[in-house]
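Chains, contacts and geometry: an overview
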Amino acid sequence: MDKAKNSLKDEMKSVALQRIRKLFELAEANFDERPELSKRYVWIARKIAMRHNVRFDFEIRKKFCKKCGAFLSVGKNAKVRVGGGIAKLSCIECGFVRKICLKRKQKVKEARKNPRDQDSKKKKWCKRR
Ligand SMILES: [Zn+2]
């Protein structure tokens, strides 16, 4: 019984992920002509993810603003600055800046092992992958 329940849940999650990916494709396609519509698609995708307790892929996560929910297109309403192993993706609409760690996880782990390393404190927020 439990197994059947779990498999149904997994199936629902995979369908939710498919719909989220489709919504982001639509948001990307409609961004030039109707940016408000793409914002709405992002909102719907986030609602689906919340309902089914699904995490966004890293590729999807960097495509929208966490604060205002806008679909981000670099060069149009988002800008990227890279330096010190960190990429800063900022939303021009609201000014929110998302930091993305560009270094691999292994290096971060090594830095955490050595508490005397000064960089280890700076990398605390980096939990990618
Ligand atoms: Zn924003």
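For the structure given in this document, a descriptive report is provided here. Each chain has its residues counted from 1, following the order in which its sequence is written. Confidence filtering applies because this is a predicted model: local features only for residues at pLDDT of at least 70, side-chain atom pairs given and counted only at 80 or more, and all residues used for totals across whole chains, interfaces and linings. Heavy atoms throughout the structure, all of them, feed into the side-chain values; hydrogens and water do not.

**Focus: the nonpolar core**
Residues belong to one nonpolar core when they are buried, are Ala, Val, Leu, Ile, Met, Phe, Trp, Tyr or Cys, and are joined through side-chain atoms within 4.5 Å. Type-normalised accessible area, obtained with a 1.4 Å probe on protein chains alone, sets the label of each residue: buried when under 20%, exposed when over 50%, and partly exposed for intermediate values. Formed by 16 residues in total, the largest nonpolar core has its most connected members in Ile20, Phe24, Phe56 and Phe71. Numbering of helices and strands runs from the N terminus, with a helix taken as a DSSP run of H or I at least four residues long and a strand as a DSSP run of E at least two residues long. Within the residue set of this core, elements represented by two or more residues are helix 1 (2–30) and helix 2 (35–52). In this structure, Cys65, Ala87, Cys91 and Ile100 belong to the second largest nonpolar core, which totals 7 residues.

**Points about the sheet that holds strand 1 (residues 78–83)**
Strands pair, by our definition, only if DSSP identifies at least two bridges between them. Strand order in this open sheet of 3 strands is 1-2-3, and the pairing throughout is antiparallel. Two strands lie at the open edges of the sheet, namely strand 1 and strand 3 (97–101), each paired on one side alone. Neighbouring strand axes in the sheet, compared pairwise and without regard to direction, differ in orientation by 20° on average. Pairing analysis gives 6 bridges linking strand 1 to strand 2 (residues 86–91), with the strands arranged antiparallel. Within strand 2, the residue paired with Val80 across the bridge is Leu89. Axis definition: a line fitted to C-alpha atoms, limited for helices to the stretch in contact. Angles are taken between N-to-C directions and run from 0 to 180 degrees.

**Here we look at the layout of surface pockets**
Where empty space is left becomes clear once a probe the size of a water molecule has been rolled over the atoms. Here a cavity denotes grid points, spaced 1 Å and computed from the protein atoms alone, that fit a 1.4 Å probe unable to get out, and a pocket denotes an open set having protein on both sides within 12 Å along at least 5 of 7 lines; residues with an atom within 4 Å of a point are the lining. Grid points are joined across faces, edges and corners, and a volume is the space filled by probe spheres set on the points. The space that makes up the second largest pocket amounts to roughly 200 Å³. Together, 16 residues line the second largest pocket, and Lys62, Lys63, Leu72, Val74 and Leu89 are the ones closest to its centre. All residues other than Ala, Val, Leu, Ile, Met, Phe, Trp, Tyr, Cys, Pro, Asp, Glu, Lys and Arg, Gly among them, are scored as polar; the first ten of these are nonpolar and the last four charged. Here the residues of the lining of the second largest pocket are counted per class, giving 10 nonpolar, 1 polar and 5 charged.

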